[in-house]
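Remarks on the overall topology
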Amino acid sequence: MSRPRPIALAGIGAALFGNYWVLEASLAKRSDASASWISDLAARSETFGWRFELLEIASGLAVVGFALLLLPRLGRRSPMIRRGIFALIAEGALTVIGGAAPLDCA
């Protein structure tokens with residue numbers, strides 16, 4: 001059984017990685033900041049949307065990785081926890097799909 005510290009650090013890393021919108025000011029190129037919306041950062045119409053697409057894919061992979069670390073440690077405790085971990089895996093996978101298939105516009 002592995003120590004919980006590396007798993008906790010992986011969870012914190014995945015959570016921070018999942019908040020890539022914090023980087024919006026340094027990654028997005030905008031002329032009118034008041035007209036900006038976080039939701040349209042990765043739209044195909046955004047000039048630098050590819051940066052957010054890659055970050056979204058990476059954050060989804062980080063969530064999947066974290067959930068896979070949790071599964072052997074917590075998955076045996078109860079069916080409800082196991083289902084929650086599978087839901088976390090699904091969320092990460094859907095985030096990867098969302099990053100790989102951005103919308104045409106915001």
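1. Comments concerning the overall build of the chain
- Counting secondary structure elements, the chain contains 4 helices and 0 strands.
- Traced from its N-terminal end to its C-terminal end, the chain shows the element sequence α-α-α-α.
- Put simply, the chain has 106 residues, and 29% of those count as buried.
- For the chain, restricting intrachain contacts to residue pairs at least 6 apart in sequence, the fraction spanning at least 24 positions comes to 61%.

2. Description of the nonpolar core
- Counting residues in hydrophobic clusters, the biggest one holds 8 residues: Ile7, Ala14, Val63, Phe66, Ala67, Leu70, Ile85 and Ile89.
- When residues of this core are assigned to their parent elements, the largest contribution, 4 residues, is made by helix H3 (residues 49–74).

3. Points about the packing of helix H1 (residues 4–18) against H3
- Their axes nearest at 9 Å, the elements H1 and H3 cross at an angle of 155°. On the basis of their axis angle, the class for H1 and H3 is roughly antiparallel. Two packed elements cross with a definite hand, and for H1 against H3 that hand is left-handed. Facing Pro4, Ile7, Ala10, Gly11, Ala14, Phe17 and Gly18 of H1, the residues of H3 in contact are Leu55, Ala58, Ser59, Ala62, Val63, Phe66, Leu69, Leu70 and Arg73.
- Here the residues of the contact of H1 with H3 are counted per class, giving 12 nonpolar, 3 polar and 1 charged.

Conventions and cut-offs
Residues numbered from 1 in each chain as written. Predicted model: local features only at pLDDT ≥ 70, side-chain atom pairs only at ≥ 80, totals over all residues. Heavy atoms only, no water. Helix = DSSP H or I, 4+ residues; strand = E, 2+ residues; numbered from the N terminus. Buried < 20%, exposed > 50% of the residue type's maximum accessible area, 1.4 Å probe, protein only. Contact = heavy atoms within 4.5 Å. Core = buried A, V, L, I, M, F, W, Y, C linked by side-chain atoms within 4.5 Å. Axes fitted to C-alpha atoms, helices over the stretch in contact; angles between N-to-C directions. Parallel < 35°, antiparallel > 145°, perpendicular 65-115°, else oblique. Left-handed = near helix turned anticlockwise from the far one by under 90°. Nonpolar A, V, L, I, M, F, W, Y, C, P; charged D, E, K, R; others polar.

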